[in-house]
Amino acid sequence: MNEKMKQARLDKKLSQAELAKIIGVSRQTINMIENGDYNPTIALCRNICRVLGCTLDDLFWEDK
């Protein structure tokens with residue numbers, strides 16, 4: 001699960017559908033990314049980061 005992305009989205013007060021519309025993907029794509037069921041492209045990751053005001057490391061780096 002990508003809890004970091006979900007929390008960043010909620011902090012911006014965006015629904016999955018709203019974020020998806022801004023980025024130009026389906027709500028299901030956002031849902032699958034947040035659930036860890038879809039590995040987005042770097043371009044999509046960058047778009048998500050731009051909208052949420054985060055870096056790639058902030059949202060997609062896995063702490064082990």
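Details of the structure are given in the entry above.
As the structure is a prediction and not an experimental result, all values here were calculated from the model.

J.: Explain the environment of Ser26 here, please?
T.: Topologically, Ser26 is positioned in the loop between α2 (16-23) and α3 (27-35). When its relative accessible area of 32% is taken as the criterion, Ser26 is described as partly exposed. The sequence separation of Ser26 and Lys12 amounts to 14 residues, and the corresponding C-alpha distance is 18 Å.

J.: I tried to follow the side chain of Gln16 on my own but got confused; where do I start?
T.: Residue position: Gln16 is located in helix α2. A polar contact of 3.3 Å, which involves the side chain of Gln16, links it to the side chain of Arg27. A polar atom in the side chain of Gln16 sits 3.4 Å from the side chain of Asn31. Apart from residues no more than four positions distant in its own chain, Gln16 is found in contact with Arg9, Arg27, Ile30, Asn31 and Glu34.

J.: What is the right way to read the pattern of salt bridges from this model?
T.: Pairing between side chains becomes possible if they bear opposite charge and their charged atoms approach one another. Inspection of the entire model under this criterion finds one salt bridge. When the shortest N-O distance is used, the salt bridge between Arg9 and Glu34 registers 2.6 Å. Placement of the pair is Arg9 in helix α1 (residues 3-11) and Glu34 in helix α3, with a sequence separation of 25 residues. For Arg9, a relative accessible area of 5% puts it in the buried group.

J.: Looking at this model, I keep getting lost on the nonpolar core. Mind explaining?
T.: Among soluble globular proteins, nonpolar side chains are generally buried collectively. Membership of the largest hydrophobic core comes to 14 residues, with the highest contact counts inside it found for Met5, Leu19, Ile23, Ile30, Ile48, Leu52 and Leu59. When contributions to this core are tallied by element, the ones reaching two or more residues are α1, α2, α3 and α4 (42-52). Of the residues forming this core, the biggest block, five residues, is contributed by α4.

J.: What should I look at first to understand the packing of α1 against α3 in this one?
T.: Angle between the axes and distance between the axes are the two parameters that describe a pair of packed helices. Taken N-terminus to C-terminus, the directions of α1 and α3 make an angle of 130°; their axes are 7 Å apart at the nearest point. What the angle tells us is that α1 and α3 run oblique. On α3, the residues touching Met5, Lys6 and Arg9 of α1 are Ile30, Ile33 and Glu34. Tallied by class, the residues present in the contact of α1 with α3 amount to three nonpolar, no polar and three charged.

What counts and how
Residues numbered from 1 in each chain as written. Predicted model: local features only at pLDDT ≥ 70, side-chain atom pairs only at ≥ 80, totals over all residues. Heavy atoms only, no water. Helix = DSSP H or I, 4+ residues; strand = E, 2+ residues; numbered from the N terminus. Buried < 20%, exposed > 50% of the residue type's maximum accessible area, 1.4 Å probe, protein only. Polar contact = N/O pair within 3.5 Å; in protein donor to acceptor, adjacent residues only side chain to side chain. Contact = heavy atoms within 4.5 Å. Salt bridge = Lys/Arg side-chain N within 4 Å of Asp/Glu carboxyl O. Core = buried A, V, L, I, M, F, W, Y, C linked by side-chain atoms within 4.5 Å. Axes fitted to C-alpha atoms, helices over the stretch in contact; angles between N-to-C directions. Parallel < 35°, antiparallel > 145°, perpendicular 65-115°, else oblique. Nonpolar A, V, L, I, M, F, W, Y, C, P; charged D, E, K, R; others polar.

None of this, on its own, says anything about what the molecule does.
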